[in-house]
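So the chains spell out like this:
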Amino acid sequence: MRSHIVVIDDDERITSMLRRSLAFEGYEVTTASNGAEGLKLLLGIEPDLIILDVMMPQVDGWEVCRRIREAGSTVPILMLTAKDEVADRVKGLDTGADDYVVKPFALEELLARARALLRRNSDKMESSHSKLQFEDLTLDMDAREAMRGGRRIELTSKEYDLLLLFMQNPRRVLTRDAIMEKIWGYDFSGESNVLEVYIAMLRQKLEEGGLGRIISTVRGTGYVLRGGAG
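Calculation criteria
Residues numbered from 1 in each chain as written. Predicted model: local features only at pLDDT ≥ 70, side-chain atom pairs only at ≥ 80, totals over all residues. Heavy atoms only, no water. Helix = DSSP H or I, 4+ residues; strand = E, 2+ residues; numbered from the N terminus. Buried < 20%, exposed > 50% of the residue type's maximum accessible area, 1.4 Å probe, protein only. Contact = heavy atoms within 4.5 Å. Areas by Shrake-Rupley, 256 points an atom, 1.4 Å probe, with all protein chains shown as cover. Pairing = 2+ DSSP bridges. Axes fitted to C-alpha atoms, helices over the stretch in contact; angles between N-to-C directions. UniProt positions renumbered as here; feature names shortened; annotations may be inferred. Parallel < 35°, antiparallel > 145°, perpendicular 65-115°, else oblique. Left-handed = near helix turned anticlockwise from the far one by under 90°.

Undergrad: What should I look at first to understand the overall build of the protein in this one?
TA: A tally of helices and strands in the protein yields eight helices and 12 strands. The buried share of the protein, reckoned over its 230 residues, is 46%. Residue pairs in contact within the protein that sit at least 24 positions apart in sequence constitute 58% of those at least 6 positions apart. Carbon together with sulfur atoms contributes 49% to the accessible area of the protein, which is approximately 11800 Å² in total.

Okay, structure coming up:
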């Protein structure tokens, strides 16, 4: 799957430039025009990297970063700051940022730092999370298969990608659009029921043998991995 990068910046010229440049590099890109919009956006998705401007009205980048970390997210954060001062860099790092780039920045440098953070996070995930666990469900990322109730569950490629997304975001409601973009990489028409078909097939495998529902439907929104009826 393509890495998903969220850009939060109130400067439309920068967000537009980064959207085009990052998409050209093969990344999936979502943008927000201010801190409040960015926080709302992040309630429904867990990106692979956040590029976050510091100086924004109302909710600045430091506050956004602080709230992301307080929510327990470990997503890499690359901060954009207009001030090349030690105090500002230290404040960003203390708030939970992983790296920073000073404006005006060279695009090549920003892309290199983004690649480094994505690579570092990928290596960390592979080394420490070869298996994901949620209640009685285990996903083996090396074997690309699931286990539930002592039973091995063989998954197709898309079923694995879908279950992996849920396992990486337990108890987080994932909107239909967010799932479609993350798994299929582009927008299907509103009439397409491909997601519903895959959810049904995945549920059938996970619930075989009378096991309870673990992927619940959130009416009018999407789906969530939380167990219980749905």
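Undergrad: So what exactly am I meant to see when it comes to the side chain of Glu145 here?
TA: When you line up the elements, Glu145 lands in strand S8 (residues 145-148). Beyond its immediate sequence surroundings of up to four residues, Glu145 is in contact with Thr138, Leu139, Asp140, Arg152, Ile153 and Leu155.

Undergrad: Sorry, what's going on with the sheet that holds strand S12 (residues 222-225) here?
TA: The pairing of strands in a sheet comes from backbone hydrogen bonds and takes either a parallel or an antiparallel form. The sheet built from three strands is open, its strands ordered S10-S12-S11 with antiparallel pairing. Either end of the sheet is taken by a strand with one partner, and the two such strands are strand S10 (174-175) and strand S11 (215-218). Bridge analysis of S10 against S12 gives two bridges, and the strand direction is antiparallel. Opposite Leu174, over in S12, you have Tyr223 as the bridge partner. Each of S10, S11 and S12 is contacted by helix H6 (residues 157-168), which is oriented at about 65 degrees to S12, the strand it contacts most.

Undergrad: Can you help me understand the UniProt feature "modified residue: 4-aspartylphosphate" (unreviewed entry) in the protein in this one?
TA: Feature annotation in UniProt places "modified residue: 4-aspartylphosphate" (unreviewed entry) on Asp53, given in this structure's numbering. With respect to the element layout, Asp53 can be found in strand S3 (residues 49-53). If near-sequence neighbours (up to four positions away) are discounted, Asp53 is found in contact with Ile8, Asp9, Asp10, Gly61, Leu80 and Lys103.

Undergrad: I keep staring at the packing of H6 against helix H7 (residues 176-184) and nothing clicks. Help me out?
TA: Axis angle and axis distance: for two packed helices, these are the angle between their axes and the distance between the axes, and together they describe the pair. At a minimum axis distance of 10 Å, the contact between H6 and H7 shows a crossing angle of 130 degrees. As far as their axial angle goes, H7 and H6 are oblique. Every pair of crossing elements has a handedness; the one defined by H6 and H7 is right-handed. In contact with Lys158, Asp161, Leu162, Leu165 and Phe166 of H6, H7 contributes Ile179, Lys182, Ile183 and Trp184.

Undergrad: Please explain the pairing of strand S1 (residues 4-8) as it appears in this structure.
TA: As a general feature of sheets, a regular strand has side chains that alternate between the two faces. Among the five residues that make up S1, five are buried, leaving the element largely enclosed by the rest of the structure. Side chains His4, Val6 and Ile8 project from S1 onto one buried face, and the interleaved Ile5 and Val7 project onto a second face that is buried too. Both S1 and strand S2 (residues 28-32) contribute to a ladder of five bridges, which runs parallel. Across the sheet, the residue bridging to Ile8 is Ala32, located in S2. Pairing between S1 and S3: four bridges, direction parallel. From the neighbouring strand, Val6 faces S3, where its bridge partner is Ile50.

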